[in-house]
Amino acid sequence: MKEDRTDLADRFSTLLRPIWRELEVYCRRLVWNEHDAPDALQNAVMNAFRAFDRYHEDTNFRAWLFTILTREIFKLNKKFARMAQSEFQVEPDTLDTLPTPEQSTQYVDWLNTPDALADALDQQLLAGLKMLTETERAVLLLRAIGEFRYREIAESLDIPLGSVMGNLARARKKMQNAISRAQQRSVL
């Protein structure tokens, strides 16, 4: 017997509610145009709900929805790929003119602690995130904000496990360099 639409909607909402904030934060950080974040999230949730009758209870709902959201954001970001490449490919000297984030001796912890990263991100760090490739950003955010395991990230992004680790290492290094440059500018 097929579940009626109301029961399906209630079950979907019950699973969605606890992860909503994580989805929002992830979406805002991954989407190129911040004004598109609500639309990307809404489209992903609508797509997930449409496919929810095919969802299996033994599947990780959180990972399933993050995968749908990631694909939606990647699709949306393709519209802005040309603009983003020209907008964010700048010389290191030009990067030094960006405003600096507030000083923090714990900036390395931002890269390793999901709550600290989510709370500490500001405009300068967002600019640093936008300098990452789309895959590096997705891997870093899935790991930092979503607290996904490497294997879950590989499955969500449909990339090999080794690529996850490589993208994460490059993303962390680039972010660390961006934060270090900002720290150096703030000392001067």
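Starting afresh in each chain, residues are numbered from 1 along the sequence in its written order. The predicted origin of the model limits local features to residues at a pLDDT of at least 70 and limits the giving and counting of side-chain atom pairs to 80 or more, whereas totals for whole chains, interfaces and linings rest on all residues. The basis for every side-chain value is the complete set of non-hydrogen atoms in the structure, without hydrogens or water.

Enquirer: So what's going on with the confidence of the model for the protein chain? Which residues, and what values?
Expert: Confidence of the prediction at every residue is given by pLDDT, a number between 0 and 100. Considering every residue of the protein chain, the mean pLDDT works out to 79; 71% of them sit at 70 or more. Highest mean pLDDT in the protein chain belongs to helix α3 (residues 37-51) (95); lowest belongs to helix α7 (residues 107-110) (50). Two residues form a contact once any of their heavy atoms are found within 4.5 Å. Scored below 50 in pLDDT, residues 98-108 shows 22 contacts in the model against residues more than four places distant or in partner chains. Strands are runs of DSSP state E lasting at least 2 residues, helices are runs of H or I lasting at least 4, and numbering of each runs from the N terminus.

Enquirer: Outline the packing of aromatic side chains, listing residues and values.
Expert: Aromatic pairs are defined between Phe, Tyr and Trp rings, using the six-membered ring for Trp, whenever the two ring centres lie within 6.5 Å; interplanar angles under 30 degrees are classed as stacked, those over 60 as edge-to-face, and all others as tilted. By the definition in use, this model includes eleven aromatic pairs. Ring centres 5.3 Å apart and planes at 15° place the aromatic pair Phe52 and Tyr55 in the stacked group. Their ring planes at 45° and their centres at 5.7 Å tell us that Phe61 and Trp64 sit as a pair that is tilted. Of the two residues, Phe61 and Trp64 are both situated in helix α4 (residues 61-78); the distance of three residues between them amounts to about one turn of the helix. For the pair Phe61 and Trp64, one class covers both residues: buried. Taken together, Phe12, Phe49, Phe52, Tyr55, Phe61 and Trp64 form an aromatic cluster joined through their ring pairs. A cation sits over an aromatic face here: Arg62 above Phe148, 4.5 Å from the ring centre. By definition here, charges over rings are those cases where NZ of Lys or CZ of Arg is within 6 Å of the ring centre and within 35 degrees of the ring normal. The cationic tip of Arg137 hangs over the ring face of Trp32; the distance from NZ or CZ to the ring centre is 4.3 Å. The cut-offs for exposure are 20% and 50% of the maximum accessible area for each residue type, with area from a 1.4 Å probe on protein chains only; residues under the lower value are buried, those over the upper are exposed, and the others partly exposed.

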